[in-house]
Amino acid sequence: MARLSIEHLRKTYGDLTVVDDVTIDIADGEFLVLLGPSGCGKTTTLRMVAGFIAPSAGAITIGERSVTALPPWKRNCGLVFQSYALFPHMTVAENVAFGLEMRKVSPADRIPRVAEALRLVQLAGFDERYPRQLSGGQQQRVALARALAMEPDVLLLDEPLSNLDAKLRQEVRVEIRDLQRKLGLTTIMVTHDQEEALTMADRLVVMEKGKVRQIGSQRELYEKPADRFVAGFIGRSAFLDGEITAPGRFRTRGGVEIGCAAATGTGAATLALRPERIAVGGEAQGLHNHFQARVEHASYLGAILDIDVSLSGHDRMLLQIPNKAGVAEPKPGETITIGWAEDAGLVYPREA
Amino acid sequence: MSTTAPEPVAGARTGLAGLLVVPATLFVAIGLLGPIAILFRYSLNQFIPGQFMVDGLTIENYVKFFTDGYYLNVLARTVRVAVVCTVACLIMGFPLAYVLARTQSRFKNLLIIAVVLPLFVGNAVRAAGWMTAFGSRGALNASLMGMGLIDQPLEIMFTENAVLIGIIAVNLPFMVLTLQSVIEGIPRNVEEAAFSLGAGPAAMFRRVLWPLALPGILAGTILTFILAMNAYATPVLLGGPRFQMMGPLVYGQFAQQNNWPFGGAISFILMTATIILTVAAHLIVQRRYR
């Protein structure tokens, strides 16, 4: 295992920039997740690390080795695909042994290493089966064993769980995470699934339109999102557009004055609030900011209620209240009191 | 009652499926198997010059073929030409089929049409074209001599090489299209997985692409081999009168010598040789790679 560094990586197709100046350092044994909506460049970044796409600019270093110009077969990156990509004409054991065979490991020496890899993914005894005789989850475990058997410097996971059904996804997720920790594998995973990313990662990279928007831990991304995109992408946020009128003062488009510690500078801005920081009813009265809001729409989601309210004609926002016993579900048209502390919101310059 | 209700529907559909197979089956039976059976019967008849065909039950036509060096030579030449053409088609066709299967170009359909385009020209027309190109005063020799590269015209026409070139040109599209459809069914990810596991292009080809493309390779080689074994127009027009292959030999016995029994026997030998070689190749390949 080794550390991996990606420096100023860029990929352009003609005028189209798919990956734009991406720089990421991944520590030895770290589990890094690239997260973003489809088309954000996360898969292209991973494929450049694997060597399937030549970068237009930038450098990739694994350990002390610059691999930027190396073909995929000389990079020693273990790769797991969304579609498993097992060799259908080979048995499970042959699949797992393939990387060793390519490294000229003698057939006798391959046997214990294949057995060990299969044991790690809990598929001991499946050696002679063919991929088509296995379930999706088992196939993905074989793919993982195949990547692990060759003792890669870096493990690359390309949406490895997307083809599995929900229950299996939970299981395999935990298995991959445990294995990664146990073996100290430097890992990059690409996913668009936020929950998956949050539960598995040591650190996350949020990408959008080819750019890195923020790199950080789960807590950093949720509590200190670097921009409006991250605030909306990681967890949910209520957004209010308006402007900063004075330090600590924010006025919405509809003219609602809000006290907000994070408001500095001047000009058009967006206030982002985490729904759970917004109090409703009696609790709201004592807070610095409290307003009468009209319920526009309420959705019952079991443990929580999603409520869409308007502060004035122009300002709509989302809140979530826990579904506690004795709390009546607000009806559209009702007026409720909502409020939040002065330090609850984050303010971002308005994006064009 | 309710459980048996769907039965008639399912039964009716099975009956319909059976019915749908009938026209093709009848056509094959009447159009192919019938004549072959008659031909086989003729091949056991006797040929007496002047009397055309005498009913009999003799293997003398087959004995004649296998005891005459001339005919054995024709068979050997036919097999040789067919094998060379098939191997050449495979070697040239695979890379082309791979590119066609993997291209992301929006002109892909045009490329495929370009591969099929040569088939729009019939064998005879194409062979006539080769004749004007490769003749001793043809375009190729005239150009080379005009440029002073050669003194004597190259002898291409009426040689085995001319026939090989001609048959390869006809068969290549069949090979390419067969391989292309099979390679398209092999996920690109599988190749990438092999690369990531340390396989270079050659190892990836040998251990992954070739075995997975094997059904297409078998289908393509069988198709081109059968076409080459039975080639008629190309050997006649490009090989000339002294270059005999099995196809023209059969025709000669029927149309020129009027020797139907011997013609029938040669037909059967050709058919049997084709089937045996095809099946043998199939078995060898399957044993080696499965």
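Scroll up for the structure.
Since we're looking at a predicted model, the values are computed, not measured.

**With respect to helix H2 (residues 92-102) of chain A**
- Counting buried positions over the 11 residues of H2 of chain A gives 10, a clear majority of the element.
- Contacts from the buried residues of H2 of chain A go to helix H3 (107-120) and helix H4 (136-149) of chain A together with helix H8 (188-196) and helix H9 (201-229) of chain B.
- Immediately downstream of H2 of chain A, the backbone of Lys104 of chain A shows phi near 60°, a positive value.

**Considering the pattern of salt bridges**
Residue and element names in this part refer to chain A.
- The full count for this structure, using the stated rule, is 31 salt bridges over all chains.
- Two residues, Asp202 and Arg177, come together in a salt bridge whose shortest N-O distance is 2.7 Å. Highlighted residues: Asp202 in the loop between helix H6 (194-200) and strand E9 (203-208) and Arg177 in helix H5 (residues 166-183), separated in sequence by 25 residues.
- Accessibility expressed as a relative area gives 30% for Asp202, which makes it partly exposed.

**Notes on the packing of helix H3 (residues 69-102) of chain B against helix H11 (residues 246-256) of chain B**
Residues and elements named next belong to chain B.
- Viewed as axis vectors pointing N to C, H3 and H11 meet at an angle of 140°, and their least axial separation amounts to 9 Å. The angle between H3 and H11 falls in the class oblique. Residues Tyr71, Val74, Leu75 and Thr78 of H3 pack against Met246, Leu249 and Gln253 of H11.
- Residues of the contact of H3 with H11, tallied by class, amount to 5 nonpolar, 2 polar and no charged.

**Quick notes on the packing of aromatic side chains**
- Per the counting criterion, the structure on display carries 16 aromatic pairs over all chains.
- Taken together, a centroid distance of 4.7 Å and an interplanar angle of 50° make the contact between Phe87 of chain A and Phe98 of chain A tilted. Here Phe87 of chain A is found in the loop between strand E6 (77-80) and H2, whereas its partner Phe98 of chain A is found in helix H2, with 11 residues between them in sequence. With respect to burial, Phe87 of chain A and Phe98 of chain A carry one shared label: buried.
- Each ring, one from Phe94 of chain B and one from Phe205 of chain B, has its centre 5.2 Å from the other, and the planes form 85°; the classification is edge-to-face. Of the two residues, Phe94 of chain B is situated in helix H3 and Phe205 of chain B in helix H9; the sequence distance between them amounts to 111 residues.
- Here Phe205 of chain B falls in the partly exposed class, since its relative accessible area comes to 31%.
- When the ring centre of Tyr13 of chain A is taken as reference, the NZ or CZ atom of Lys11 of chain A above it lies at 5.0 Å.
- Over the aromatic face of Phe262 of chain B sits the side chain of Lys64 of chain B, whose NZ or CZ is 4.0 Å from the ring centroid.

**Things to note about the nonpolar core**
- Grouped together as the largest cluster of nonpolar side chains are 95 residues, with contacts concentrated most on Phe87, Phe98 and Leu156 of chain A together with Phe65 and Met246 of chain B.
- If one sorts the elements of this core by residue count, H3 of chain B sits on top with 13 residues.
- Ignoring sequence-local partners within four residues, the contact set of Phe87 of chain A consists of Asn95, Phe98, Pro131 and Arg146 of chain A together with Val190, Ala193, Ala194, Leu197 and Val208 of chain B.
- Core analysis: the next-biggest nonpolar cluster, separate from the first, contains 46 residues, Leu120, Val142, Ile176 and Leu221 of chain A among them.

**Concerning the pairing of strand E18 (residues 315-322) of chain A**
All names here are of chain A.
- In terms of burial, E18 is largely enclosed, as 6 of its 8 residues are buried.
- Pairing analysis gives 8 bridges linking strand E17 (residues 304-312) to E18, with the strands arranged antiparallel. When the bridges of E18 are listed, Asp308 appears paired with Leu318.
- Counting the residues that bridge the hairpin from E17 to E18 gives 2 residues.

**Some remarks on the interface of chain B and chain A**
- Contacts between the two partners involve 17 residues from chain B, matched on the other side by 22 residues from chain A.
- One can count 2 salt bridges joining chain B with chain A.
- With its nearest N and O atoms 2.6 Å apart, the salt bridge here joins Glu192 of chain B to Arg47 of chain A.
- Summed over the shared surface of chain B and chain A, the result is 6 residue pairs in polar contact (both at pLDDT 80 or more).
- Per-element accounting of the side of chain B that touches chain A gives the leading share, 7 residues, to H8 of chain B.
- The residue inventory of the side of chain B that touches chain A, partitioned by class, reads 11 nonpolar, 4 polar and 2 charged.

Here is what the cut-offs are and how they apply
- Residues numbered from 1 in each chain as written.
- Chains lettered and ligands numbered in written order.
- Predicted model: local features only at pLDDT ≥ 70, side-chain atom pairs only at ≥ 80, totals over all residues.
- Heavy atoms only, no water.
- Buried < 20%, exposed > 50% of the residue type's maximum accessible area, 1.4 Å probe, protein only.
- Helix = DSSP H or I, 4+ residues; strand = E, 2+ residues; numbered from the N terminus.
- Contact = heavy atoms within 4.5 Å.
- Salt bridge = Lys/Arg side-chain N within 4 Å of Asp/Glu carboxyl O.
- Axes fitted to C-alpha atoms, helices over the stretch in contact; angles between N-to-C directions.
- Parallel < 35°, antiparallel > 145°, perpendicular 65-115°, else oblique.
- Nonpolar A, V, L, I, M, F, W, Y, C, P; charged D, E, K, R; others polar.
- Phe/Tyr/Trp six-rings, centres within 6.5 Å; stacked < 30°, edge-to-face > 60°.
- Lys NZ or Arg CZ within 6 Å of the ring centre and 35° of its normal.
- Core = buried A, V, L, I, M, F, W, Y, C linked by side-chain atoms within 4.5 Å.
- Pairing = 2+ DSSP bridges.
- Polar contact = N/O pair within 3.5 Å; in protein donor to acceptor, adjacent residues only side chain to side chain.

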